[in-house]
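Fold and geometry: a report
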Amino acid sequence: MSDATHSGFPKRRFKVSRRMLPYVLSLPALLVCIGILIPFVTAVLYSLQRYRLSQPWARKWNWGENYWNFLSDDSFWNTLKVSMTYAFTTVGIELLLGLGIALLLQKRTKFNNFVSIMLLMPLMTAPALAALMWKLMTNPGFGILSYFAGLLGFEDFNWASDPQTAMLTVVIVDVWVYTPFIMILLLAGLRSLPQQPFEAAALDGVPRWFVFYRITLPMLTPFLLTAVLFRMIESIQQFDIIYAMTQGGPGDALTVFQVEAYLNFFQSTNVGRSAALMMILWAITYFLSNIFIKNWLRLRERQRGEA
């Protein structure tokens, strides 16, 4: 006798029809999409309201007044300027350093593989912890980097506590943390490139600089766009490093979008303004992402046509 007969309960097998199978398989993605859309729609609704947690009785719809107020708000334009400066500076430096390191480690050797693994260590550190570590090292009183700066003749170098050098300090920390990300992407791209063009150039005695600009860079462009896209999105939305080191200060020297929204929500309890700031940040991110993705798709189509 079968197990189903001994147990007294027949076994039931759930079968999914072929028509329902695509819907069942897409159900997890649908749930994730709903989980993303709920807070997004909530933020959109909050951005259209005059809403303070300290004055819940005064909550009402203002239909875009929060956005219009930004046009005459100097602090908003400063936030936009600081955010764009920070994003483009960090991504530009990280792209140059990442590409240079990837070129140095391009050959597959045990030493290069070991070095590439060791260079990934900063990327494994939480950005907030890395910022706190650098905050201690740049302390004017006992920081080791302040000590070395003094030996080089930079007495009383205030690092993140000075509006003139605060941006430089957080950029250094961001570059230290995230350059390995670009490096590993470009290194994977370099090692995956076809070797025939390089072998032909070597046989013809083509100079290295010409090979780099005419062969390596064009073939590596999709990887460069991918790396810049990911880092640009994350840099514009940076919060951990800046807030852990300076809380957006000194003054408003490092008040980027995420920090400004955080301060508006938790200090000023201005939910409407905070949500409006995040919606503007989303719009900027969406616009830049579209530019990079369209260029990446155009480049891929052109390479397919040439192939």
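Along each chain, the written sequence defines residue order, and numbers are assigned to residues from 1. The predicted origin of the model limits local features to residues at a pLDDT of at least 70 and limits the giving and counting of side-chain atom pairs to 80 or more, whereas totals for whole chains, interfaces and linings rest on all residues. To obtain the side-chain values, all non-hydrogen atoms of the structure were included, while hydrogens and water were left out.

Considering the overall build of the chain
Labels follow the DSSP assignment, with helices taken as runs of H or I lasting at least four residues and strands as runs of E lasting at least two, numbered in each case from the N terminus. The helix and strand inventory of the chain stands at 14 helices and two strands. Dimensions of the chain along its principal axes, counting C-alpha atoms only, are 90 × 75 × 45 Å. Each residue is placed in one exposure class: buried if its accessible area under a 1.4 Å probe, protein chains only, is under 20% of its type's maximum, exposed if it is over 50%, and partly exposed if it falls in between. Out of the 307 residues belonging to the chain, those deemed buried represent 36%. Only heavy atoms enter the contact rule, under which two residues are in contact if any of them lie within 4.5 Å. Long-range pairs, those at least 24 residues apart, make up 68% of the contacts in the chain with a sequence separation of at least 6.

Overview of unusual backbone geometry
Residue Pro-250 is reached from Gly-249 by a cis peptide bond, and omega for that bond is -5 degrees. For Pro-250, the location among the structural elements is in the loop between α12 (240-246) and α13 (257-266). With a phi angle near 50 degrees, Trp-63 is a residue other than glycine that sits in the positive phi range. Looking at the element boundaries, Trp-63 is found in the loop between β2 (60-61) and α4 (65-71). On the accessibility criterion, Trp-63 (62% relative accessible area) is exposed.

Looking at the side chain of Ser-235
Mapped onto the elements, Ser-235 comes out in helix α11 (residues 208-236). The class of Ser-235 is buried, set by a relative accessible area of 2%.

Focus on the environment of Val-170
Structurally, Val-170 is set in helix α9 (residues 166-192). Between the alpha carbons of Val-170 and Ile-242 there is a distance of 6.4 Å; along the sequence they are 72 residues apart. Setting aside its immediate chain neighbours within four residues, Val-170 contacts Tyr-86, Ile-241, Met-245, Thr-246 and Leu-254.

Take it as geometry only, folks, not as evidence of what the structure does.
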